[in-house]
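Coordinate inspection notes
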Amino acid sequence: MPQEQASQNETQTHDESYVIGYALEQKKIQNLIRPSLIDHAKKQGIQLIPIDINKPLIQQHPHLRFHCIIQKLQPKHWNNLNFHEYLSKHGANTTTTTIIIDPPHLVQKLQNRVSMLDSASHLPLSLQNATVGVPHQVVVDDEKKTKNSVEEMVMGSNLRFPVIAKPLYADGTMKSHELCLVFDAQGLRETLNKNTAGGAATPVVLQEFVNHGGVVFKVYVAGEHVRCVKRTSLPDIPEDKAKALKGTLKFSQISNFTIQDNNGDGANHLSNIERAEMPEESLIKELARALRERTGLNLFNIDVIRDAKYCTRYLVIDINYFPGYAKLPCYESFITDFLLDCVRNKAAVVSV
Ligand SMILES: O=P(O)(O)O[C@@H]1[C@@H](OP(=O)(O)O)[C@H](OP(=O)(O)O)[C@H](O)[C@H](OP(=O)(O)O)[C@H]1OP(=O)(O)O
Ligand SMILES: Nc1ncnc2c1ncn2[C@@H]1O[C@H](COP(=O)(O)OP(=O)(O)O)[C@@H](O)[C@H]1O
Ligand SMILES: [Mg+2]
Ligand SMILES: [Mg+2]
């Protein structure tokens, strides 16, 4: 594009300007609301305004009308803000509707690793070869723990070692990201025993561990906008090695690590990440669309792995509400385009 035209586009004035509020915790604001996003949004006619999550919205910015509000909140903050009071003034029955993205009762379903994956099971995807499912899993709560031996839990649920133990509640706490690979019955006994060092508090889900080439595909969704990136994951465990492994291995947020593969011969080889082929774009798009429909949500990402044994078998292992979009290249336009859709084409979004 010629430079003149480019700068003309950048300084282009907008017939309409939109006010979008963000109700987020401080850490999230620092990660997401960077000057580059504020600038990009501004050029598209969007003003991004911080909302104090500790007091009622009705008491804030009395001279502004919010076209849309994005949020990632704990229940106490949701109560503090009292959106309902605000909406009764600026909501659906008035001429100045404020859209709030997304409803908390739907977000809540992603905070439990069973209801989270329910939305991804038996997906109505029509693709030539590929299938998308969820790994086999079982919940262990205190009652189950006292009534069943660990052997019964595993065998009776058609699971086999290794399994991954994950806290049932994915509520954003550090603990909810503390996972554990469990290699044998003794390891599981230790994992389920809170009183031992490294023991996980129940309820936990025990999930089938699936070899997948050490790469997780993260599918970021913002309304109709979808992007998929590759990230580091757990390495494969060959079957013969798995039989010899004992005990447990704790890990946390492994996809945030960058691992340089080195085969031990001093030479740098292509990493698993570089080697891994991306899933077909049509699959990613259909998956995102189906999950938007199933969850009723706009802002989430999906962790997907591809079975190393059957390369057309994909598994959804995690769905996160309002993830770290700033890790995406050019996330500024990704977020801004979604916000523009919200305010221009209200029918395309689901709100409170
Ligand atoms: O902080 P980031 O950028 O690592 O984002 C986290 C996400 O990382 P991702 O974008 O999937 O790589 C992260 O995804 P994972 O669970 O690690 O797959 C969560 O969404 C996390 O939110 P919460 O702690 O579960 O409430 C997200 O944390 P918050 O930014 O919402 O605190
Ligand atoms: N069933 C599974 N089989 C193989 N690896 C898994 C499985 N579930 C999770 N993992 C690995 O563990 C990581 C974290 O698990 P995940 O369910 O996404 O928890 P979190 O919410 O903490 O991100 C994944 O990114 C992946 O690397
Ligand atoms: Mg994850
Ligand atoms: Mg998660």
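Each value, and the rule that gives it
- Residues numbered from 1 in each chain as written.
- Chains lettered and ligands numbered in written order.
- Predicted model: local features only at pLDDT ≥ 70, side-chain atom pairs only at ≥ 80, totals over all residues.
- Heavy atoms only, no water.
- UniProt positions renumbered as here; feature names shortened; annotations may be inferred.
- Near = heavy atom within 4 Å.
- Polar contact = N/O pair within 3.5 Å; in protein donor to acceptor, adjacent residues only side chain to side chain.
- Areas by Shrake-Rupley, 256 points an atom, 1.4 Å probe, with all protein chains shown as cover.
- Helix = DSSP H or I, 4+ residues; strand = E, 2+ residues; numbered from the N terminus.
- Donors = N, O, S within 2.8 Å, 3.2 Å for Na, K, Ca; no water.
- Buried < 20%, exposed > 50% of the residue type's maximum accessible area, 1.4 Å probe, protein only.
- Contact = heavy atoms within 4.5 Å.
- pLDDT = per-residue confidence, 0-100.
- Core = buried A, V, L, I, M, F, W, Y, C linked by side-chain atoms within 4.5 Å.
- Axes fitted to C-alpha atoms, helices over the stretch in contact; angles between N-to-C directions.
- Parallel < 35°, antiparallel > 145°, perpendicular 65-115°, else oblique.
- Left-handed = near helix turned anticlockwise from the far one by under 90°.

Taking an unreviewed UniProt entry as the reference, the protein is identified by name as Inositol-tetrakisphosphate 1-kinase belonging to Arachis hypogaea. The UniProt entry for the protein carries this comment under Sequence similarities (unreviewed entry): "Belongs to the ITPK1 family." The record in UniProt for the protein states the following under Subunit (unreviewed entry): "Monomer."

A few words on the site of ligand 1. Around ligand 1, 19 residues are found, and the nearest of them are Lys-27, Lys-72, Lys-218, Tyr-220 and Lys-327. A distance of 2.9 Å is found between an oxygen atom of ligand 1 and a backbone nitrogen or oxygen belonging to Gly-324. Taken by itself ligand 1 offers 610 Å² of open surface, and the protein chains cover 85% of this. Mapped by element, the contributors of at least two residues to the shell around ligand 1 are helix H2 (26-32), strand E10 (215-222), strand E13 (299-306) and strand E14 (313-321).

Below, the discussion takes up the coordination of the magnesium ion (ligand 3). Note on metal geometry: ideal angles are 109.5 degrees for four donors arranged tetrahedrally and 90 or 180 degrees for six donors arranged octahedrally. Looking at the magnesium ion (ligand 3), one finds its protein donor set to be Asp-303 (OD) and Asp-318 (OD), positioned 2.1 to 2.2 Å from the metal centre. Under the relative-accessibility criterion, Asp-303 is labelled buried at 8%. The class for Asp-318 is buried, based on a relative accessible area of 13%.

Okay, the UniProt feature "binding site: Mg(2+) 1" (unreviewed entry) in the protein next. Sequence positions flagged by UniProt for "binding site: Mg(2+) 1" (unreviewed entry) are, in local numbering, Asp-303 and Asp-318. Their sequence span is 16 residues, while the largest C-alpha to C-alpha distance among them is just 5.0 Å; these annotated residues converge on one region. Relative to the assigned elements, Asp-303 resides in strand E13. Setting aside its immediate chain neighbours within four residues, Asp-303 contacts Val-216, Phe-217, Lys-218, Leu-315, Val-316, Ile-317, Asp-318 and Asn-320. Engagement of the side chain of Asp-303 in a polar contact is seen with the side chain of Lys-218, the distance being 2.8 Å. Positionally, Asp-318 belongs in strand E14. Contacts of Asp-318, omitting those with residues within four sequence positions, involve Arg-113, Met-116, Leu-117, Asn-301, Ile-302 and Asp-303.

Moving on, we get to the site of ligand 2. The full set close to ligand 2 counts 19 residues, and Lys-166, His-177, Gln-207, Glu-208 and Ser-233 are the nearest of them. Contact between ligand 2 and Glu-208: a nitrogen atom at 2.8 Å from a main-chain N or O atom of the residue. Between ligand 2 and the protein, one listed contact pairs an oxygen atom with a side-chain N or O atom of Asp-318 at 2.9 Å. In the complex, 96% of the free accessible area of ligand 2, which totals 550 Å², lies under the protein chains.

A word on the confidence of the model for the protein. Of the residues in the protein, 87% have a pLDDT of 70 or more, and the chain-wide mean is 88. Counting interchain partners and residues more than four positions distant, the pLDDT-below-50 stretch residues 1-12 has four contacts. Within the model, the stretch residues 259-267 combines pLDDT values under 50 with 10 contacts to residues more than four positions away or in other chains. This prediction of the complex comes with two scores: 0.92 for pTM and 0.96 for ipTM.

Attention now moves to the coordination of the magnesium ion (ligand 4). Those protein atoms acting as donors to the magnesium ion (ligand 4) are Asp-318 (OD) and Asn-320 (OD1), and they sit at 2.1 to 2.2 Å. Between the magnesium ion (ligand 4) and the magnesium ion (ligand 3) the interatomic distance comes to 3.7 Å, and Asp-318 is a ligand of both metals. A relative accessible area of 19% means that Asn-320 is categorised as buried.

On to the nonpolar core. If you look at the biggest cluster of nonpolar residues, it comprises 62 residues, and the most contacted ones within it are Ile-101, Leu-287, Leu-299, Ile-302, Val-316, Ile-319 and Tyr-325. No other element matches the eight residues that helix H14 (residues 331-344) contributes to this core. Residues contacting Leu-299, with those up to four places away along its chain left out, are Ile-70, Ile-101, Asp-102, Val-221, Ala-222, Asn-320, Tyr-321, Phe-322, Tyr-325 and Phe-338.

With that out of the way, let us pick up the packing of helix H3 (residues 35-43) against H14. Put simply, H3 and H14 touch, their axes get as near as 9 Å, and they point 45 degrees apart. The orientation of H3 relative to H14 falls into the category oblique. Relative to H14, the crossing made by H3 is right-handed. Residue-level contacts link Ser-36, Leu-37, His-40 and Ala-41 of H3 to Tyr-331, Glu-332, Ser-333, Ile-335 and Thr-336 of H14.

Attention now goes to the UniProt feature "binding site: 1D-myo-inositol 1,3,4-trisphosphate" (unreviewed entry) in the protein. The positions UniProt marks with the feature "binding site: 1D-myo-inositol 1,3,4-trisphosphate" (unreviewed entry) are Lys-28, Lys-72, His-177, Lys-218, Asn-320 and Gly-324. Looking at the element boundaries, Lys-72 is found in the loop between strand E3 (68-71) and helix H4 (75-81). When its relative accessible area of 35% is taken as the criterion, Lys-72 is described as partly exposed. Those residues in contact with Lys-72 that lie beyond four places of it in its chain are Ala-23, Leu-24, Glu-25, Lys-28, Tyr-321 and Phe-322. Within the secondary structure, Gly-324 is located in the loop between E14 and H14. When its relative accessible area of 28% is taken as the criterion, Gly-324 is described as partly exposed. Among all residues touching Gly-324, those that are not within four sequence positions of it are Lys-28 and Tyr-220.

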